[in-house]
Amino acid sequence: MALVDSFLHKCKALKHIKQLQAQLIVSSAFQSYLCRTKLLEFCSISPSGDLGYAVEVFRHVDNHHTNEWNAIVRGFAQSDEPRQAVEWYVTMLHQARRPDALTCSFALKACARMLGLFEGREIHGQYIRFGFEADVLLQTTVIDVYAKCGVLEQAQQLFDEMTRRDVPTWNALITGLAQGNRPRDALSLFNRMRDSGVVPNEISVIGALSACSQLGAASEGKFVHAYISEVRLDTNTRVCNALIDMYAKCGTIDLACDVFNKMPDRSLVSWNAIIMGLAMHGRGFHAVQLFNQMDSSSGVRPDAVTYLAALCACNHAGLVEEGLRIFKEMTKYGVTQNIKHYGCVVDLLGRAGRLEEAHMMIKSMPLVPDAVLWQTLLGACNTYGNIDLAELASEKLREMGSASDGDYVMMSNVYAAYGRWVDVGRVREAMKVNEVRKMPGCSFIEVDGIVHNFVNGDQTHSNSKEIYAKLDEISIRIKAFGYVPGTRFVLHDIGEEDKENVLLYHSEKLAMAFGLVTVKEGSLIQIYKNLRICGDCHIVFKLVSKIYEREIVVRDRARFHRFKEGLCSCGDYW
DNA sequence: ATAGGGTTAG
């Protein structure tokens, strides 16, 4: 049988497999299910195999052994059609064949990949009836299914009920929580894992780092990093990739560069992570420099993600010509342009004020434009005050049935900038009729491990009095520096004074004022905002960084802004 | 009849 194995691994094409099969049939070795299973497994799993052929061979045999079924179910589970794996599993049941733990395992793996919650639950119930209830591997897979399908409470419950758990079990839930928008819980589970004496591995720390990235929790990220060094995972490529991403998303791009420079082996993902990180921090030149050198210096070929990162870098740094060049170059290197690449270029042109070209790009592209593209164009029209094109984009969005709050807000902003209050009212009316509401902006700041959340005009914070007093003081001091409130950023048709107040009490300004009174001098003030930072706040933050000699970092929906000595790292281009 | 299955960053 070992001989069959070694022959199989020499097969590089279906033709070779068929030749081998012919010999096995002649020598009557193929009558043994062991031999057939080997061939089926190779066909259905190996990249040089052929799942369709495996199915064909399977159908020519009767009285299948469980392992032959398993080979097919497993093959489909990792194919592009995981649903087929579940269908084969069901067929097996119908033929009164009893699946073993492996069949269940492969079928569940398929459920995880196709996000089949219903099917996952069925198979979960069945394997308990088959007597595999105590199988830790099966339980781990089910936790993964539940987590990926978004029923984290069930994943958690199953985890809690287990009497024995191993490292992958912990990992399945840590990763599930991290990917399921519960990074806090992921981190505390990671800590609980360590406290209970289970030694985290590569995958556990990657999950923990991913949670830190989402939270922008630099201090906890550093803590995890220290642990990583302690257990000598700090040369592991995937761990380093997660570290790069974490440091970049926590606002400490220099630390991300350190990790990148020191790591012994860089993969494609490493390059993509650092280029994207630099892009988010507005370091377009550095990002493009790395992009240009990756192929020549390390032989790593850029893929679609790399190109997206490079275009994004050009975008945030205003490198219009470089971005267009990179975009055109893609097809030459055999990387297909997808809708996100187009989105980036439309943004690039739009931000540079080249609205007609941006519009042409959308009209001439070979893909069906999505709402994001028209929203991008609408955003550019808002910046440059182009009413006609804005109306066109807005109309397209309406036709597409897109009713995102941002569309209405931007259209209304375009009108408001020209004082066309009747049109503003019309947009607001449409918003009401279509039941669209502006997603409330909120900002938070973490001080001494406690998260303080603010919404616009928030007066619920216990230090509210102090915060508002500080904002009034800031308002006076920045006006002395020539600040004029950007009331054009306010869409409501209200009096100038009210507008000023609405502006002054934006959530990010509240968080900033709180930071000024609580974060000790010399320390960085870090703020997170769920939407993009407002234009007026951007101006104010620059002034505050100068007048109060404080460094402020804002991570918004799209990127980082680092305010220092009156300037922002984005160079006012965002 | 032998084992084989689970968790992974851009």
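Residues numbered from 1 in each chain as written. Chains lettered and ligands numbered in written order. Predicted model: local features only at pLDDT ≥ 70, side-chain atom pairs only at ≥ 80, totals over all residues. Heavy atoms only, no water.

An unreviewed UniProt entry lists chain A under the name DYW domain-containing protein, with Aristolochia fimbriata as the source organism.

Draft legend 1. Fine view of the overall build of chain A. The secondary structure content of chain A amounts to 30 helices and six strands. If you line up chain A on its principal axes, its C-alpha atoms span 95 × 55 × 55 Å. Out of the 574 residues in chain A, the part that is buried amounts to 52%. Put simply, 63% of the contacts in chain A that link residues at least 6 apart link residues at least 24 apart. Element-wise, carbon and sulfur atoms account for 53% of the exposed surface of chain A, whose accessible area totals about 27400 Å². One way to put it: in chain A the 63 positive side-chain charges average out to a point 3 Å from where the 66 negative ones average out. (Helix = DSSP H or I, 4+ residues; strand = E, 2+ residues; numbered from the N terminus. Buried < 20%, exposed > 50% of the residue type's maximum accessible area, 1.4 Å probe, protein only. Contact = heavy atoms within 4.5 Å. Areas by Shrake-Rupley, 256 points an atom, 1.4 Å probe, with all protein chains shown as cover. Lys, Arg positive; Asp, Glu negative; His and termini not counted. Charge placed at Lys NZ, Arg CZ, Asp CG, Glu CD.)

Draft legend 2. Highlighting unusual backbone geometry. Unlike most non-glycine residues, Leu-115 shows phi in positive territory, near 55 degrees. Secondary-structure assignment places Leu-115 in the loop between α7 (101–114) and α8 (117–129). With a phi close to 65 degrees, Asn-181 is a non-glycine residue in the positive phi region. Mapped onto the elements, Asn-181 comes out in the loop between α11 (167–179) and α12 (183–195).

Draft legend 3. Region of interest: the sheet that holds strand β3 (residues 525–529). Across the sheet, which stays open at both edges, the six strands sit in the order β2-β1-β3-β4-β5-β6 with mixed pairing between neighbours. Where the open sheet ends on each side, the last strands, each with one partner, are β2 (450–455) and β6 (567–568). (Pairing = 2+ DSSP bridges.)

Draft legend 4. Structural detail: the packing of aromatic side chains. For the structure shown, the criterion picks out 14 aromatic pairs. Consider the rings of Phe-76 and Trp-88, whose centres lie 6.2 Å apart with planes at 25 degrees: the pair is stacked. Residue Phe-76 is found in helix α5 (residues 66–77), and its partner Trp-88 is found in helix α6 (residues 82–94); the two are separated by twelve residues along the sequence. Given the relative accessible area of 7%, Phe-76 is considered buried. An angle of 80 degrees between the planes, with centres 5.1 Å apart, marks the rings of Phe-260 and Trp-271 as edge-to-face. With Phe-260 in helix α16 (residues 253–262) and Trp-271 in helix α17 (residues 268–280), this pair connects stretches of sequence that are eleven residues apart. Its relative accessible area of 2% is what places Trp-271 among the buried residues. (Phe/Tyr/Trp six-rings, centres within 6.5 Å; stacked < 30°, edge-to-face > 60°.)

Draft legend 5. Region of the structure containing the UniProt feature "repeat: PPR" (unreviewed entry) in chain A. With numbering aligned to this structure, UniProt lists the feature "repeat: PPR" (unreviewed entry) at residues 135–165, 166–200, 236–270 and 303–337. A distance of 10 Å separates the end C-alpha atoms of residues 166–200, which is 74% helix and 0% strand. The span residues 236–270 shows a helical share of 74% and a strand share of 0%, and its end C-alpha atoms are spaced 11 Å apart. (UniProt positions renumbered as here; feature names shortened; annotations may be inferred.)

Draft legend 6. Highlighting helix α23 (residues 371–384). Between its terminal C-alpha atoms α23 stretches 20 Å, which fits the 20 Å expected from 14 residues at 1.5 Å a residue. Buried residues dominate α23, accounting for ten of its 14 residues. Turning to α23, its buried residues number three or more, namely Ala-371, Leu-373, Trp-374, Gln-375, Thr-376, Leu-377, Leu-378, Gly-379, Ala-380 and Cys-381. For α23, the secondary structure elements touched by its buried residues are α21 (339–351), α22 (355–364), α24 (387–399) and α25 (405–417). Backbone geometry just downstream of α23 places Gly-385 in the positive-phi region, at approximately 65 degrees. (Expected span 1.5 Å × (residues − 1).)

Draft legend 7. Representation of the environment of Ser-270 in the model. Checked against the element boundaries, Ser-270 lands in helix α17. Along the backbone, Ser-270 and Leu-209 are 61 residues apart, and their C-alpha atoms lie at a distance of 15 Å. Leaving out residues up to four positions away in the same chain, Ser-270 has contacts with Thr-237, Asn-241, Ile-244, Phe-260 and Met-263. A distance of 2.7 Å separates a polar atom in the side chain of Ser-270 from a polar atom in the side chain of Asn-241. (Polar contact = N/O pair within 3.5 Å; in protein donor to acceptor, adjacent residues only side chain to side chain.)

Draft legend 8. Representation of the protein's contact with DNA strand B in the model. Taken together, 36 residues sit near DNA strand B, with Leu-34, Asn-67, Lys-109, Thr-140 and Asn-272 positioned nearest. In DNA strand B, the atoms that sit within 4 Å of the protein are 28% sugar and phosphate, with bases accounting for the remainder. Glu-41 has a polar side-chain atom sitting 3.0 Å from a base nitrogen of DNA strand B. One nitrogen or oxygen atom from the side chain of Asn-171 is found 2.5 Å from a base oxygen belonging to DNA strand B. Looking at the surface near DNA strand B, the elements with two or more residues in it are α3 (33–45), α5, α7, α9 (136–148), α11, α13 (202–215), α15 (237–249) and α17. (Near = heavy atom within 4 Å.)

Draft legend 9. View of the pattern of salt bridges. For the structure shown, the criterion picks out 23 salt bridges. The partner of Arg-184 in a salt bridge is Glu-220, with the nearest N and O atoms 3.7 Å apart. Here Arg-184, found in helix α12, pairs with Glu-220, found in helix α14 (residues 218–230); they are 36 residues apart in sequence, far enough to count as distant. The partly exposed category is assigned to Arg-184, whose relative accessible area is 40%. Across the pair Glu-357 and Arg-354 runs a salt bridge, and its minimum N-O distance is 2.8 Å. Salt bridges linked by common partners bring Arg-184, Glu-220 and Glu-446 together as one network. (Salt bridge = Lys/Arg side-chain N within 4 Å of Asp/Glu carboxyl O.)

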